[in-house]
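Okay, here's what each chain looks like letter by letter:
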Amino acid sequence: MITSRFVRQSLLMLCLSLIVACARISVSSEYTPEVGQDGKDVAWVPTCQELVDKMLHVAKVTPQDFVVDLGSGDGCLVITAAKRGARSMGIEYNPDMVALSMRNAAREGVAGKAQFIQGDIFETDFSQATVITMFLLESLNLQLRPQILNLKPGTRVVSNTFTMGEWTADQVATVEDSDCSSYSKAYLWIAPAKVEGTWKFPQGELTLEQHFQTFSGALKSGSKSVSVTDGKLNGDLATFTIGNVKYTGRVSGNTMKGTYESGGSTLQWSATMVGKKM
Ligand SMILES: C[S@@+](CC[C@H](N)C(=O)[O-])C[C@H]1O[C@@H](n2cnc3c(N)ncnc32)[C@H](O)[C@@H]1O
């Protein structure tokens, strides 16, 4: 009798010890990344939370957005975007970081909105994003730039610290928090519509040359040529001046239409692309 009680108690103790040991092993084996650890094309350094908030703020992220972080690390941008109500996705090469970011998203209660995929940013489709976030290097931003310029006009792109070469940012914001002292700037670009080429315009032929979100050109009617100045694109919204008349219009593929002011009235205009510069 005493022996069997002893055996039962011993077995119970053994089971408890095994449970505690297993729990210890699983806690200690939870992956802990180190700031500065190697990544495929760039090391892992997390964006500080104040800058994460600022980046999503300058991109005006709303629940209607689909936010994609290129090289998503521990998932901080993706998780914060999901907490703002947006659908979000992180693309991360390191599978341990992917698993960590999934655990972080679950812990923050946004696993349903924040998705993480293991993949290479140069081989993964992110064309459905309405907002792109990234903390890479300028050289990587430049490699991604042609793809970014092909995104739907109006797509917002925010980068922690690193710029896009001669494509100047539409907005720059800085945070003052001491945790962010090394990387404290958010650069915002808005993917511009494509207007370069020749357009059939009500008053003649409009030839435009585009440099990212700015453009210039000339309007030819008969032997007369007038310069197009101050051409700017905010996504698909184009504004420009011909002579002293200011035009505003929306670009949709090969058409542009909008309004201009003349003699105190607002008049309509529209144009059709007749020759695209290759
Ligand atoms: C500087 S960290 C930024 C992490 C996160 N976006 C943030 O702001 O906190 C860059 C991340 O990109 C990942 N990475 C590097 N090259 C990559 C590639 N080719 N494809 C996907 N992820 C990559 C690294 O593993 C690292 O986690």
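Preceding this paragraph is the structure being described.
The notes below deal with the structure included here. (Residues numbered from 1 in each chain as written. Predicted model: local features only at pLDDT ≥ 70, side-chain atom pairs only at ≥ 80, totals over all residues. Heavy atoms only, no water.)

## Examining helix α5 (residues 138–149)
Under the convention used in this document: A run of H or I in DSSP becomes a helix once it reaches four residues, and a run of E becomes a strand once it reaches two; helices and strands are each numbered from the N terminus. Helices are assigned an expected span. That span is 1.5 Å times one less than the residue count. The buried label goes to any residue with under 20% of its type's maximum accessible area, the exposed label to any with over 50%, and the partly exposed label to all in between, with areas taken from a 1.4 Å probe on protein chains only. As used here, the arc belongs to the directions running from the helix axis to the C-beta atoms.
Here α5 contains 12 residues, and its C-alpha end-to-end distance of 16 Å stays within 8% of the 16 Å for a straight helix at 1.5 Å per residue. The set of residues buried in α5 consists of L140, N141, L144, R145, I148 and L149. Seen end-on, α5 carries its buried residues on one side only, within an arc spanning 160 degrees.

## Details of a negative patch on the surface
Here is the rule: Nonpolar side chains (Val, Leu, Ile, Met, Phe, Trp, Tyr) within 5 Å and like charges within 9 Å form the patches, drawn only from residues with over 30% relative accessible area and no salt bridge. For accessible areas, the Shrake-Rupley method is used with a probe of radius 1.4 Å. Any residue's cover is judged against the shown protein chains and nothing else. Criterion for a salt bridge: a side-chain nitrogen of Lys or Arg within 4 Å of a carboxyl oxygen of Asp or Glu. Working convention for charge: Lys and Arg count positive, Asp and Glu count negative, and His plus the chain ends are omitted. For the purpose of locating charges, the reference atoms are NZ of Lys, CZ of Arg, CG of Asp and CD of Glu.
A contiguous patch of negative charge on the surface is contributed by E50, D53, E176 and D179. For D179, a relative accessible area of 67% puts it in the exposed group.

## Details of the site of the ligand
Quick note on the threshold: For this description, a residue counts as near a given molecule or strand if any of its non-hydrogen atoms is within 4 Å of it. Residues adjacent in sequence count toward polar contacts only when both atoms are side-chain atoms; beyond that, a polar contact is any pair of N or O atoms within 3.5 Å, and within protein one must be able to donate a hydrogen and the other to accept it.
Lining the immediate environment of the ligand, one finds 21 residues, of which D41, T47, D69, G71 and E92 sit closest. In the environment of the ligand, a nitrogen atom lies 2.7 Å from a nitrogen or oxygen atom belonging to the side chain of D41. Calculation on the ligand without its partners gives an accessible area of 600 Å², and the protein chains cover 99% of this total.

## Some thoughts on the packing of aromatic side chains
This is how it is decided: Centres within 6.5 Å make a pair out of two Phe, Tyr or Trp rings, where for Trp the six-membered ring is used; the pair is then stacked when the planes are under 30 degrees apart, edge-to-face when over 60, and tilted otherwise.
Tallying each qualifying case throughout the model produces 13 aromatic pairs. Here F240 and Y247 contribute two aromatic rings whose centre-to-centre distance is 5.2 Å and whose plane-to-plane angle is 5 degrees, an arrangement assigned as stacked. Taking 4.9 Å as the distance between ring centres and 35 degrees as the angle between the ring planes, the aromatic pair formed by Y247 and Y260 counts as tilted. With Y247 in strand β13 (residues 245–252) and Y260 in strand β14 (residues 255–262), this residue pair connects regions lying 13 residues apart in the sequence.

## A look at the pattern of salt bridges
Taken as a whole, this structure holds 8 salt bridges when the rule is applied. Of the charged contacts, one joins D65 and R156 as a salt bridge, the two residues approaching to 2.8 Å between their closest N and O atoms. With D65 in the loop between α2 (49–58) and β1 (66–70) and R156 in strand β5 (residues 156–160), the pair connects residues that are 91 residues apart, well separated along the chain. Per residue, the accessibility class of D65 equals that of R156, and both read buried. As a salt-bridge pair, D236 and R250 come within 2.7 Å of each other at their nearest N and O atoms. Placement of the pair is D236 in the loop between β11 (224–234) and β12 (237–242) and R250 in strand β13, with a sequence separation of 14 residues.

## So, the sheet that holds strand β15 (residues 265–276)
Just so we agree on the cut-off: Strand pairing is defined by DSSP finding a minimum of two bridges between the two strands. Axes, fitted as lines to C-alpha atoms, cover a helix only where it is in contact. Angles between the N-to-C directions of the axes lie from 0 to 180 degrees.
On the basis of which strands lie adjacent, the closed barrel formed by 8 strands has the order β8-β9-β10-β11-β12-β13-β14-β15 and antiparallel pairing. Strand-to-strand twist in this sheet, taken as the mean axis angle between neighbours without regard to direction, amounts to 30 degrees. Note that strand β8 (residues 197–201) and β15 share 4 bridges and pair antiparallel. Note on β15: the bridge partner recorded for W199 is M273.

## Quick word on the nonpolar core
To be explicit about the condition: We call a set of buried Ala, Val, Leu, Ile, Met, Phe, Trp, Tyr and Cys residues a nonpolar core when their side-chain atoms join them within 4.5 Å. Contact criterion: two residues are considered in contact whenever any of their non-hydrogen atoms come within 4.5 Å of each other.
In this structure, V68, L70, F126, I132, M134 and I148 are the most contacted members of the largest nonpolar core, which totals 22 residues. Those elements that place two or more of their residues in this core are β1, β2 (87–92), β4 (131–134), α5 and β7 (185–190). Sort the elements by how many residues they give to this core and α5 lands first, with 4 residues. Apart from the residues lying within four places of it in its own chain, the contact partners of L70 are I91, I121, F126, I132, T133, M134, L136 and L144. Counting residues in hydrophobic clusters, the runner-up holds 21 residues, among them V61, V158, A186 and L188.

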